[in-house]
Amino acid sequence: MNPNSSVLNGTVDIVNEGHLNGTVGDSSGTEEGKSFNMMPEVEMCQSVLPCHANHKGGLSAGQLLKWIDIIACLAAEKHAGLPCVTASVDDIQFEETVRVGQIINIKAKVNRAFNTSMEVGIRVVVQDVLTGVLKRVCVAYSTFVAKAAGTQKIRLQPVDCLTTPEDHLEYALASERRRLRLYNEDAFTKLMQDNHLLKGVANGKESSLISTERTRVQSIELVLPPHANHHGNTFGGQIMAWMENAATVAASRLCGTYPTLKSVDMFKFRGPSSVGDRLVFKAIVNNTFQKSLEVGVRVEAYDCEEWTRGKARHINSAFFIYNASSDKAQTQTFPSVKYTSKDGQRRYLAAIVRKRIRLARKHILSSKEEGPLSVPWDKSNQVYLSYNNVAALTVLAGKHGWEVNSSQPKIRVYMNEELDTLSVQVEMHVRVSSSQAFFLLSDLSLRPSWDRHYLSCEEVQVVNEDDKLYHITCPAINKDKPRDFVVLMSRRQPCKEGDSYIIALRSVTVAAVPPNPDYTRSEVMCAGFLISGASSAICKVSYYNQVTSGVLPYIAGNLAGWSKSMEETAASCIEFLENVTDQKICAF
């Protein structure tokens, strides 16, 4: 916890009505009087001046973090009726660049109070003065606890005035986010312990790569009275700003240019500091991921006596994610790095695990609305749909940016995120011929025998020797209704030596299989297998899936590290392919 929240100069208002869309947060304190049940918003408006800008004329991320910490603290104290301190700040995703001359509007509100902590949701938008257009800059989530006079913990009163649908939604999501935070901590520990999942991923010792030691930064700050908050401790927003500065320097040393801060992965406040303390900021690039890199920052505090003895207090840590700053950022990649010590290897692997958890959290919590993905099936368009089915899978497999997510003997899992679309690839090495694997996998009626996510798979229509329609049922997840899919399966054998066997799947609408009220009709955008022969008796089977809202529940636990469902399913597939008898291989 960090008693490091304060108020700088600016315009701050308490808004007693309204709501904060799309945010959740966490807070603590006691409520006294009915006014504390009104879920008031706290609102801040700031004109972005040159003194707030970085060298590129945009609002400094450090300055924005100061404002966010101020307003979150004020919202928490409004609910608790007591001084509050920051325990942590969740992921912050920066979506829009703010320029000098524009106006920043920041709103914060306590979404839910638990026993001793509360979540505060913060929403930041920017307004162009000339056009009046509003754009969202970021959403942040802070956890606060009330600061009692002694050591006794304060038990908070609940947020019990939920007047709008948005209030109820935020209240419910706050609980889910809290549960997810705890899950993520356990998942991180579990994934770091499962070395076999990361074996083969940590290839950071190659001599041609850049050493992370080249990016190491150490910077010291003396905490002066202007850096203190209204509790007398170092202002948390100021600490975050200093951390951002150290992280940017480390990232710039690797890139040779100025990258763009895209997000911050969890500020954790472990203890307070005060006026007179020396704060040492240690930053280093932990790993790079083609289009992004992670910088870890650790903050150590010393009072005068500790400084003499060299005994530090670890008071803060966070991880900063940077993207390329060029307009061509989508085509640029960061240089790969290597570690040179055991601690460097730990940081290298931990960055991989954190990226996996961030990816899962982003897509699991996303409320993005999807339009209909299924295309009506008709004899007049069957040739086009079959071609499109195969072409889409071929394009998906050929995308750049696939990154290893986990690795174990005979199985590797890859992820690819392009804009807001997540795709997965499961690579399996199987001791059968590619033709045998092709005929077995293209008969979807056999899939329930090895894939536990398939309850049934019934043939609806045989279109021709290479195309079939199937109706698939899948088990219920998290007490929801079971799901079902209607898909077109299109298969292709190689046209020439060196080509892959292709089995492509996509959702279609068929009048003969209308939606069933006992199932949630779901859709597949692009999925399937590419099979290539390493030899006459060994092949590589690669399964691809462009994740949709209907598919996500079945892989969410695996993405977040709570389960190993994809690896287990892949192992079951390998066992099926290697042990099936020749008599079971029949013509399509």
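Residues numbered from 1 in each chain as written. Predicted model: local features only at pLDDT ≥ 70, side-chain atom pairs only at ≥ 80, totals over all residues. Heavy atoms only, no water.

Asks: Please clarify how the overall build of the protein chain should be interpreted in this entry.
Replies: Tallying secondary structure elements over the protein chain gives ten helices and 25 strands in all. Here the contacts in the protein chain between residues at least 6 apart in sequence split such that 74% fall between residues at least 24 apart. Roughly 26700 Å² of accessible area belongs to the protein chain as shown, and the carbon and sulfur atoms make up 51% of that amount. (Helix = DSSP H or I, 4+ residues; strand = E, 2+ residues; numbered from the N terminus. Contact = heavy atoms within 4.5 Å. Areas by Shrake-Rupley, 256 points an atom, 1.4 Å probe, with all protein chains shown as cover.)

Asks: How should I be thinking about the pattern of salt bridges in this particular structure?
Replies: Pairing of side chains with opposite charge becomes possible as their charged atoms draw close. One pass over the structure, following the stated rule, counts 24 salt bridges. A salt bridge links arginine 136 to glutamate 95; the nearest nitrogen and oxygen atoms lie 3.0 Å apart. With arginine 136 in strand β7 (residues 134-146) and glutamate 95 in the loop between β4 (92-93) and β5 (103-113), this residue pair connects regions lying 41 residues apart in the sequence. When its relative accessible area of 36% is taken as the criterion, arginine 136 is described as partly exposed. Exposure remark for glutamate 95: the relative accessible area of 39% places this residue in the partly exposed category. Here aspartate 499 and lysine 496 are joined by a salt bridge, their closest N and O atoms 3.3 Å apart. (Salt bridge = Lys/Arg side-chain N within 4 Å of Asp/Glu carboxyl O. Buried < 20%, exposed > 50% of the residue type's maximum accessible area, 1.4 Å probe, protein only.)

Asks: Please clarify how the nonpolar core should be interpreted in this entry.
Replies: General note: in soluble globular proteins, nonpolar side chains tend to be found buried as a group. Grouped together as the largest cluster of nonpolar side chains are 78 residues, with contacts concentrated most on Leu64, Ile104, Ile122, Phe267, Val295 and Phe320. With 13 residues, helix α1 (residues 61-80) is the single largest residue contributor to this core. The next biggest cluster of nonpolar side chains, apart from the first, holds 49 residues, and it includes Leu422, Leu441, Leu505 and Tyr543. (Core = buried A, V, L, I, M, F, W, Y, C linked by side-chain atoms within 4.5 Å.)

Asks: For this particular structure, what's the right way to read the pairing of strand β21 (residues 483-492)?
Replies: Working note: regular strand, side chains alternate between the two faces of the sheet. For β21, a buried count of nine out of ten residues is recorded, marking the element as mostly surrounded by other parts of the structure. Where strand β20 (residues 467-474) lies against β21, eight bridges are found, and the strand directions are antiparallel. When the sheet's bridge partners are listed, histidine 471 is paired in β21 with valine 486. The pairing of β21 with strand β23 (residues 520-521) spans two bridges and is classified as parallel. (Pairing = 2+ DSSP bridges.)

Asks: Help me understand the packing of α1 against helix α4 (residues 236-255), please; the structure alone is not making it clear to me.
Replies: Angle between the axes and distance between the axes are the two parameters that describe a pair of packed helices. Packing of α1 against α4 brings their axes to within 8 Å, and their N-to-C directions diverge by 160°. Between α1 and α4, the angle falls in the class roughly antiparallel. Read as a crossing pair, α1 and α4 show a hand that is right-handed. Contacts from Ala61, Gly62, Leu65, Lys66 and Asp69 in α1 reach Gly236, Gly237, Gln238, Met240, Ala241 and Glu244 in α4. Of the residues contributing to the contact of α1 with α4, the split by class is four nonpolar, four polar and three charged. (Axes fitted to C-alpha atoms, helices over the stretch in contact; angles between N-to-C directions. Parallel < 35°, antiparallel > 145°, perpendicular 65-115°, else oblique. Left-handed = near helix turned anticlockwise from the far one by under 90°. Nonpolar A, V, L, I, M, F, W, Y, C, P; charged D, E, K, R; others polar.)

Asks: I'm lost on the packing of aromatic side chains in this one. Help?
Replies: Remark: the centre distance and the inter-plane angle together describe each pair of aromatic rings, the angle taken between the planes. Taken as a whole, this structure holds nine aromatic pairs when the rule is applied. Geometrically, the ring pair formed by tryptophan 402 and tyrosine 544 is edge-to-face, given 5.7 Å between the ring centres and 65° between the ring planes. Of this pair, tryptophan 402 sits in the loop between α7 (382-397) and β16 (403-408) while tyrosine 544 sits in strand β25 (residues 539-546), and the two are 142 residues apart along the sequence. Here the two residues tryptophan 402 and tyrosine 544 agree in accessibility, since each one is buried. When the centroid spacing of 5.3 Å and the interplanar angle of 65° are considered together, the rings of phenylalanine 438 and phenylalanine 439 count as edge-to-face. Using a relative accessible area of 0% as the deciding quantity, one classes phenylalanine 438 as buried. An aromatic cluster is built from Phe438, Phe439 and Tyr501, whose rings are joined through pairwise contacts. The side chain of arginine 177 reaches across the aromatic face of tyrosine 141, ending 4.2 Å from its centre. (Phe/Tyr/Trp six-rings, centres within 6.5 Å; stacked < 30°, edge-to-face > 60°. Lys NZ or Arg CZ within 6 Å of the ring centre and 35° of its normal.)

Asks: Just to check I follow, could you spell out the environment of aspartate 451 for this structure?
Replies: For aspartate 451, the position within the fold is in the loop between α8 (434-441) and β19 (456-464). With 125 residues separating them in the primary sequence, aspartate 451 and phenylalanine 576 have C-alpha atoms 9.8 Å apart. From its side chain, aspartate 451 meets the backbone nitrogen of histidine 453 in a polar contact 3.0 Å long. (Polar contact = N/O pair within 3.5 Å; in protein donor to acceptor, adjacent residues only side chain to side chain.)

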